[in-house]
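Given next are the chains, with one letter for each unit.
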Amino acid sequence: MERGRGSLKDCSFDCNYKSGCGITRINVVPIGGDGSGQINIMFVGRDPGNNENIQKVPFVGDAGKFIRMTINAVFGENGEDKVFITNLVKCHTENNIGPNELDVKHCAGNLRREIARVRPAVVVALGETVSSYFIGRFLPTPIKMKSIVGKRYIVKYSINKVDEWKMIILPCYHPSPRNIQYYSQIRDVVKDAKRISEISQVTRI
Ligand code: URA
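Since the structure is predicted, the reported quantities are computational estimates derived from the model, not experimental observations.

**Q** Whenever I open this one, the overall build of the protein chain confuses me. Can you help?
**A** Of regular secondary structure, the protein chain possesses six helices and five strands. Out of the 205 residues in the protein chain, the part that is buried amounts to 53%. Accessible surface computed for the protein chain: about 10300 Å², of which carbon and sulfur atoms make up 50%.

**Q** Whenever I open this one, the site of the ligand confuses me. Can you help?
**A** Within the structure, the ligand sits among Gly 45, Arg 46, Asp 47, Pro 48, Gly 49, Glu 52, Pro 58, Phe 59, Asn 87 and His 174. Residue Phe 59 places a main-chain N or O atom 3.1 Å away from an oxygen atom belonging to the ligand. Between the ligand and His 174, the relevant distance is 3.0 Å, taken from an oxygen atom to a side-chain nitrogen or oxygen of the residue. For the ligand, the accessible surface in isolation is 240 Å², of which the surrounding protein chains cover 91%. Judged by the proximity of its atoms to the pocket grid, the ligand belongs to the largest pocket.

**Q** Quick question: what am I supposed to make of the nonpolar core here?
**A** The tendency in soluble globular proteins is for nonpolar side chains to be buried as a group. Core analysis: the biggest nonpolar cluster contains 55 residues, and Ile 41, Phe 43, Phe 134, Met 167 and Ile 169 have the highest contact counts within it. When sequence neighbours within four positions are dropped, the list of residues in contact with Ile 41 reads Phe 75, Val 83, Phe 84, Pro 120, Val 122, Val 124, Ala 193, Lys 194 and Ser 197.

**Q** Any chance you could explain the pattern of salt bridges here in plain terms?
**A** Per the stated rule, a full pass over the model turns up eight salt bridges. For Glu 128, the salt bridge identified is with Lys 144, shortest N-O distance 3.8 Å. Here the residue Glu 128 occupies a position in helix H5 (residues 128–134), and Lys 144 occupies one in the loop between H5 and strand S4 (153–158), the gap between them amounting to 16 residues. Taking the relative accessible area as the measure of exposure, Glu 128 reaches 26% and is therefore partly exposed.

**Q** What exactly am I supposed to notice about unusual backbone geometry here?
**A** A negative phi holds for most residues other than glycine; trans holds for most peptide bonds. In this model, Lys 56 sits at a positive phi of 60°, which is unusual for a non-glycine residue. Turning to its location among the elements, Lys 56 is positioned in the loop between helix H1 (50–55) and helix H2 (62–75). Taking the relative accessible area as the measure of exposure, Lys 56 reaches 47% and is therefore partly exposed. Phi is positive for Asn 96, close to 55°, though the residue is something other than glycine.

**Q** Any chance you could explain the packing of aromatic side chains here in plain terms?
**A** Given two aromatic rings, one states the distance between the centres and the angle between the planes to describe the pair. With the rule as written, the count across this model stands at four aromatic pairs. Pairing Tyr 173 with Tyr 182 gives two aromatic rings, centres 3.7 Å apart and planes at 5°, and the pair type is stacked. Note on Tyr 173: relative accessible area 10%, which makes it buried. With a relative accessible area of 24%, Tyr 182 lands in the partly exposed category.

**Q** I'm lost on helix H6 (residues 183–199) in this one. Help?
**A** What sets the pattern is the α-helix's 3.6 residues per turn: residues three or four places apart point alike. If you check H6, its first and last C-alpha atoms are 25 Å apart, about what 17 residues at 1.5 Å a residue would give, namely 24 Å. All of the buried residues in H6 are Tyr 183, Ile 186, Val 189, Val 190, Asp 192, Ala 193, Ile 196 and Ser 197. Here the buried face of H6 lies against strand S1 (41–45), H2, strand S3 (122–126) and strand S5 (164–172).

**Q** Would you mind going over the side chain of Ser 132 with me for this structure?
**A** If you trace the backbone, Ser 132 turns up in helix H5. In terms of polar contacts, Ser 132 uses its side chain to reach the backbone amide nitrogen of Ile 143, at 2.9 Å.

**Q** What am I meant to see in the layout of surface pockets here?
**A** Once rolled over the atoms, a probe with the size of a water molecule shows which space is left empty. One number sums up the size of the largest pocket: a volume of about 730 Å³. Along its surface, the largest pocket is lined by 27 residues, and Arg 46, Ala 63, His 174, Ser 176 and Arg 178 are the ones closest to its centre. Residue composition of the lining of the largest pocket, by class: eight nonpolar, 13 polar and six charged.

Criteria and thresholds
- Residues numbered from 1 in each chain as written.
- Predicted model: local features only at pLDDT ≥ 70, side-chain atom pairs only at ≥ 80, totals over all residues.
- Heavy atoms only, no water.
- Helix = DSSP H or I, 4+ residues; strand = E, 2+ residues; numbered from the N terminus.
- Buried < 20%, exposed > 50% of the residue type's maximum accessible area, 1.4 Å probe, protein only.
- Areas by Shrake-Rupley, 256 points an atom, 1.4 Å probe, with all protein chains shown as cover.
- Near = heavy atom within 4 Å.
- Polar contact = N/O pair within 3.5 Å; in protein donor to acceptor, adjacent residues only side chain to side chain.
- 1 Å grid on protein atoms, 1.4 Å probe; cavity = no way out; pocket = protein on both sides within 12 Å on 5 of 7 lines; lining within 4 Å.
- Sits in = over half its atoms within 2 Å of the grid points.
- Core = buried A, V, L, I, M, F, W, Y, C linked by side-chain atoms within 4.5 Å.
- Contact = heavy atoms within 4.5 Å.
- Salt bridge = Lys/Arg side-chain N within 4 Å of Asp/Glu carboxyl O.
- Phe/Tyr/Trp six-rings, centres within 6.5 Å; stacked < 30°, edge-to-face > 60°.
- Expected span 1.5 Å × (residues − 1).
- Points joined across faces, edges and corners; volume = space filled by probe spheres on them.
- Nonpolar A, V, L, I, M, F, W, Y, C, P; charged D, E, K, R; others polar.

So far we have only geometry, and geometry alone does not tell us how the molecule works.
Set out below in structure tokens:
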């Protein structure tokens, strides 16, 4: 599958530039998720990096190469095409400073739409900001990864009051080269995600 051309084309963006998001948008474009979501697992990073902004696909730089290689090793050939890989905030932040709480608030609808479409049973939350977002203890002080990695958090998710399901959140170190010492823990989390997805009874759309 061509990168960035996943089957989920209806995950359209709703980006109101004037709504309060403070991300500088000079040469920056919103980047949606990648993959088909055939396996009910989502990988969510914080925001696209510079390489991603150029190629317009999430996780294609050094961190992306590692996480995609790990996904393929755990899920088999082309595993990365069967899961869904995306970001909490869709625009690259200048100098990788990361989004603030308002940026996340104003962009969150895009991720919610992707989640509603993929309906993941498991979300691998890459890094402290994303993990904290999902388990409900958000910025300005994200939870330290070492206190949450390896644990499973169950969160309820609903599109509306009728359509509600549970997702398991797996906090995971961000796969960036500066976290090389945690690579085996990252692999363990991806393996755990596979185990959970295999026993999950979640109904897909
Ligand atoms: N890091 C992220 O969090 N997301 C990307 O898309 C790339 C690197």
